[in-house]
Amino acid sequence: MSDLVPPKDVEITYETETPVAYAVEGPVAWITMDRTAFHNAQNSQMTYALDDAFRRAVDDDAVKVIVLRGAGKHFSAGHDIGTPGRDLHKSFERRHLTYDHVNKPGAELLYAREHEVYLGMCRRWRDIPKPTIAMVQGACIAGGLMLAWVCDLIVASDDAYFQDPVVRMGIPGVEYFAHAFEMHPRIAKEFLFLGERMPAARAYELGMVNRVVARDQLEDQTRAIAEKIALMPRLGLSLTKQAVNHVEDLRGKRTAMDAVFHMHHFAHAQNDLVSGHSLGGLDGKAMAAGNRRADEGKA
């Protein structure tokens, strides 16, 4: 049976009712993903909680800078494709003028859902009028990339790595397709074709990461950067962010992302037609095993 058909008599089991923690220290808001049992895999519960936290930080005039981080060993293992808390068929109070995805037929279900929780939310977060910093340790995979890439700066630990292995599913990269803007197009192709881990050191060389620091210094270094930025005037920071984002959009970032989002959903539909599963029959365990094989096969 297609995974787009709501399962019968299957309850969602959330391991926590608070998948995102929020704290303010001086002028800095700290937003922490906290599904450590599943390496901060993003279900809708977490995604809407992130949106609530970002809104809270934007509404607080005392907050000048926002830091996004993940609790535990990893920043984020990506989108939730197989935990007991996977809530693909659950309705939430939507944040955009889109209709509910639940019970929509065929490929319309994923198209409507991902337009809301992935592409739509990421674009909202990218345009937050306050500087944002992703504090990345361990794995930053697929959907994790999207969360890091919407931030203005990325500070990574020396053991961090970045990876988008979804071509293995027949899908051309994650929904917020910023690959060819975050790295040279030829490197983006390598990144996607091979699906291998990109170490933080190489991401820094390519300009995708701003700083690489020792793991035990990651929080202190990120705090120091955030507090230094917070000394700048609020409007100046907001206008500077708008200016640079505008240049990216003039270079085609938004229109390219729109096009690839539709390619992404064509791939989901093809998978469902051919295999009866929008992800080509792969789940989290299968993807993790494939990722390990890809890295073991490096020359």
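The structure contained in this document is the topic of the report that follows. (Residues numbered from 1 in each chain as written. Predicted model: local features only at pLDDT ≥ 70, side-chain atom pairs only at ≥ 80, totals over all residues. Heavy atoms only, no water.)

### Here we look at the pattern of salt bridges
Here is step 1: Evaluated as defined, the whole model comprises 18 salt bridges.
Here is step 2: Glu15 is the salt-bridge partner of Arg35, the closest N and O atoms lying 2.6 Å from each other. Pair noted here: Arg35 is in the loop between β2 (28-33) and α1 (44-59) and Glu15 is in the segment before β1 (20-25), with a separation of 20 residues, a long-range link.
Here is step 3: Take Arg35: its relative accessible area is 1%, and that puts it in the buried class.
Here is step 4: One connected set of salt bridges, linked through shared partners, spans Glu25, Arg69, Glu219, Asp220 and Arg223. (Salt bridge = Lys/Arg side-chain N within 4 Å of Asp/Glu carboxyl O. Helix = DSSP H or I, 4+ residues; strand = E, 2+ residues; numbered from the N terminus. Buried < 20%, exposed > 50% of the residue type's maximum accessible area, 1.4 Å probe, protein only.)

### Digging into the pairing of strand β3 (residues 65-70)
Here is step 1: By the criterion of burial, β3 is predominantly enclosed, with six of the six residues buried.
Here is step 2: The alternating pattern of β3 places Val65, Val67 and Arg69 and Ile66, Leu68 and Gly70 on opposite faces, both of which are buried.
Here is step 3: What joins β2 to β3 is α1, and the crossover it makes is right-handed.
Here is step 4: Alignment of β3 against strand β4 (residues 132-136), held across four bridges, turns out to be parallel. Bridging across to β4, Arg69 finds its partner in Met135.
Here is step 5: Note that the unit made of β3, helix α2 (residues 108-126) and β4 has a crossover that is right-handed. (Right-handed = clockwise from strand over helix to strand, strands pointing away. Pairing = 2+ DSSP bridges.)

### Some details on the sheet that holds strand β8 (residues 198-199)
Here is step 1: Here we have three strands laid out as an open sheet, ordered β5-β7-β8, and mixed in their pairing. Among the strands making up the open sheet, the edge pair consists of β5 (139-141) and β8.
Here is step 2: As defined by bridge partners, β5 adjoins strand β7 (residues 161-163) across three bridges and the pair is classed as parallel. What sits directly across from Ala139, in β7, is Tyr161.

### Brief notes about the packing of α1 against α2
Here is step 1: Where α1 contacts α2, the axes come no closer than 11 Å and their chain directions differ by 30 degrees. As summarised for this structure, α1 and α2 are arranged roughly parallel, according to the angle between their axes. Considering the relative orientation of α1 and α2, their crossing is left-handed. Residues Ser44, Thr47, Tyr48, Leu50, Asp51 and Phe54 of α1 touch α2, and the partners they reach there are Arg113, Glu116, Val117, Met121, Arg124 and Trp125.
Here is step 2: For the contact of α1 with α2, a count of residues per class yields six nonpolar, two polar and four charged. (Axes fitted to C-alpha atoms, helices over the stretch in contact; angles between N-to-C directions. Parallel < 35°, antiparallel > 145°, perpendicular 65-115°, else oblique. Left-handed = near helix turned anticlockwise from the far one by under 90°. Contact = heavy atoms within 4.5 Å. Nonpolar A, V, L, I, M, F, W, Y, C, P; charged D, E, K, R; others polar.)

### Things to note about the sheet that holds β1
Each strand in a sheet pairs with its neighbour through backbone hydrogen bonds, running either in the same direction (parallel) or in the opposite one (antiparallel).
Here is step 1: Across the sheet, six strands lie side by side as β1-β2-β3-β4-β6-β9; this open sheet has mixed pairing. Of all strands in the sheet, those with a lone pairing partner are β1 and β9 (211-213), marking the two edges. Across the sheet, the mean angle from the axis of one strand to that of its neighbour is 20 degrees, orientation sign disregarded.
Here is step 2: Across six bridges, the pairing between β2 and β3 is parallel. Opposite Ile31, over in β3, you have Leu68 as the bridge partner.
Here is step 3: Its contacts with the sheet place helix α7 (residues 218-229) against β1, β2, β3, β4, β6 (153-157) and β9, and it is angled at close to 175 degrees to β4.

### Observations regarding α7
Here is step 1: Here α7 contains twelve residues, and its C-alpha end-to-end distance of 17 Å stays within 8% of the 16 Å for a straight helix at 1.5 Å per residue.
Here is step 2: Every buried residue of α7 is listed here: Leu218, Thr222, Arg223, Ile225, Ala226 and Ile229. Viewed along the axis of α7, the buried residues span an arc of 165 degrees, placing them on a single side of the element. (Expected span 1.5 Å × (residues − 1). Arc of directions from axis to C-beta.)

### Some details on the packing of α2 against helix α9 (residues 253-275)
Here is step 1: In the contact formed by α2 and α9, the axes pass within 11 Å of each other and the chain directions differ by 155 degrees. Here α2 is positioned roughly antiparallel relative to α9, judged by the angle of their axes. By crossing handedness, the relation of α2 to α9 is classed as right-handed. Here α2 contributes Leu110, Tyr111, Glu114, His115, Leu119, Arg123 and Arg126 to the contact with α9, which in turn contributes Lys253, Arg254, Met257, Asp258, Phe261, His262, His264, His265 and His268.
Here is step 2: For the contact of α2 with α9, the per-class residue count stands at five nonpolar, five polar and six charged.

### A word on the nonpolar core
Here is step 1: Ranked by internal contacts, the top residues of the largest apolar core, which has 67 residues, are Ile31, Leu50, Leu68, Val136 and Phe162.
Here is step 2: Contact partners of Leu68, with chain neighbours within four places excluded, come to Ile31, Met33, Leu50, Phe54, Phe75, Ile133, Ala134, Met135, Leu147 and Cys151.
Here is step 3: In this structure, Val65, Ile229, Ala230 and Leu237 belong to the second largest nonpolar core, which totals 14 residues. (Core = buried A, V, L, I, M, F, W, Y, C linked by side-chain atoms within 4.5 Å.)

### Here we look at the environment of Tyr111
Here is step 1: Position of Tyr111 among the secondary structure elements: in helix α2.
Here is step 2: Remark: the alpha-carbon pair of Tyr111 and Asp283, spanning 172 residues in sequence, is separated by 19 Å.
Here is step 3: What Tyr111 contacts, discounting residues up to four positions off in sequence, is Phe261, His262 and His265.
Here is step 4: At 3.1 Å, the side chain of Tyr111 and the side chain of His262 are in polar contact. (Polar contact = N/O pair within 3.5 Å; in protein donor to acceptor, adjacent residues only side chain to side chain.)

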